[in-house]
Amino acid sequence: MTDKKPPLVLVDGSSYLFRAFHALPPLTNSKGKPTGAVYGVINMLNKLVTEYKPEHIAVVFDAKGKTFRHDMYKEYKANRPPMPDELRDQIAPLHELIEAQGYPIIIVPDVEADDVIGTYARQAAEQNMDTLISTGDKDMAQLVNPHVTLINTMNNVLMDEAGVMQKFEVPPSAIIDYLALVGDASDNIPGVPKVGPKTAAKWLKQYETLDNLIAHADEIKGKVGESLRNSLEQLSLSRELARIKCDVALEFAISDLVMRPRQPDKLRQIYTDME
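Residues numbered from 1 in each chain as written. Predicted model: local features only at pLDDT ≥ 70, side-chain atom pairs only at ≥ 80, totals over all residues. Heavy atoms only, no water.

Novice: Which residues make up helix H2 (residues 36-52), and what values go with them?
Specialist: An ideal rise of 1.5 Å per residue puts 24 Å on 17 residues; H2 measures up with 25 Å between its terminal C-alpha atoms. Burial in H2 covers these residues: Gly36, Ala37, Val38, Gly40, Val41, Ile42, Met44, Leu45, Leu48, Val49 and Tyr52. One or two positions beyond H2, positive phi appears at Lys53, with a value near 40 degrees. (Helix = DSSP H or I, 4+ residues; strand = E, 2+ residues; numbered from the N terminus. Expected span 1.5 Å × (residues − 1). Buried < 20%, exposed > 50% of the residue type's maximum accessible area, 1.4 Å probe, protein only.)

Have a look at this one:
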């Protein structure tokens, strides 16, 4: 995809926000208002658009509150500390700034940004359209296919099907099963205790699918086999929690996701306020 420009660029705004907040020094304006995450996100966005000049683009954020995954599993993301105030205080001005720059923002209640991105990527592939997803989230590797590539804006690394294979040692089609086995501490997805990336990849190489591995769980020797058999009941839950939903009802079609005119007065006001 490096030699041709993707017609659709989907930006994982929530991933950008957290990464910019943690990567940059805590910048503030003269009134002590935090500005570092906003500065980081806007810089990454502008750089991406300058480089790829997409025909269609959307910046997707998580909605406030719980999602359908919390209904499936009350403990989902329960171990996360509350969002720091200095990060929360930057969300509204960031949304305002992104919109004033002309970028379409998409926020859909009850689902995560991943699900919205997955749905748009699937729709684009059905229209034979290539998609570039800008994220740092490893879960998105399950969306990669001949039409969908990931880019990590922090280090500019592109990840296609071969890149997923190289990084995880399983193809994109096995990523959901892989995540179910490994679990995810940040999302509080249980996984199988004692099973790390290497073991998960080895098992999926041998058995191809989680269902086939479960059917042959008795063949797995040692403590790790015991751990697998003790986790069988929760594995299907872990798999559903890790699966990105690709059939979200969306208000806007891909054809609507185009740059709007910039709002110079609004931009001047926000940039002046943030110094």
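Novice: Outline the sheet that holds strand E3 (residues 105-107), listing residues and values.
Specialist: Judged by pairing direction, the sheet is mixed, and its six strands sit side by side in the order E3-E2-E1-E4-E5-E6 without closing on themselves. The outermost strands of the open sheet, each flanked by one partner alone, are E3 and strand E6 (157-159). Neighbouring strand axes in the sheet, compared pairwise and without regard to direction, differ in orientation by 25 degrees on average. Bridge count between strand E1 (residues 8-12) and strand E4 (residues 131-134): four bridges; the pairing is parallel. Paired with Leu8 across the strands is Thr131, a residue of E4. Each of E1, strand E2 (56-61), E4, strand E5 (148-152) and E6 is contacted by H2, which is oriented at about 165 degrees to E1, the strand it contacts most. (Pairing = 2+ DSSP bridges. Axes fitted to C-alpha atoms, helices over the stretch in contact; angles between N-to-C directions. Contact = heavy atoms within 4.5 Å.)

Novice: Which residues make up helix H1 (residues 13-23), and what values do they have?
Specialist: Every buried residue of H1 is accounted for by Gly13, Ser14, Ser15, Tyr16, Leu17, Ala20 and Phe21. At its buried positions, H1 is contacted by E1, H2, E2, helix H4 (85-101), helix H5 (113-126) and E4.

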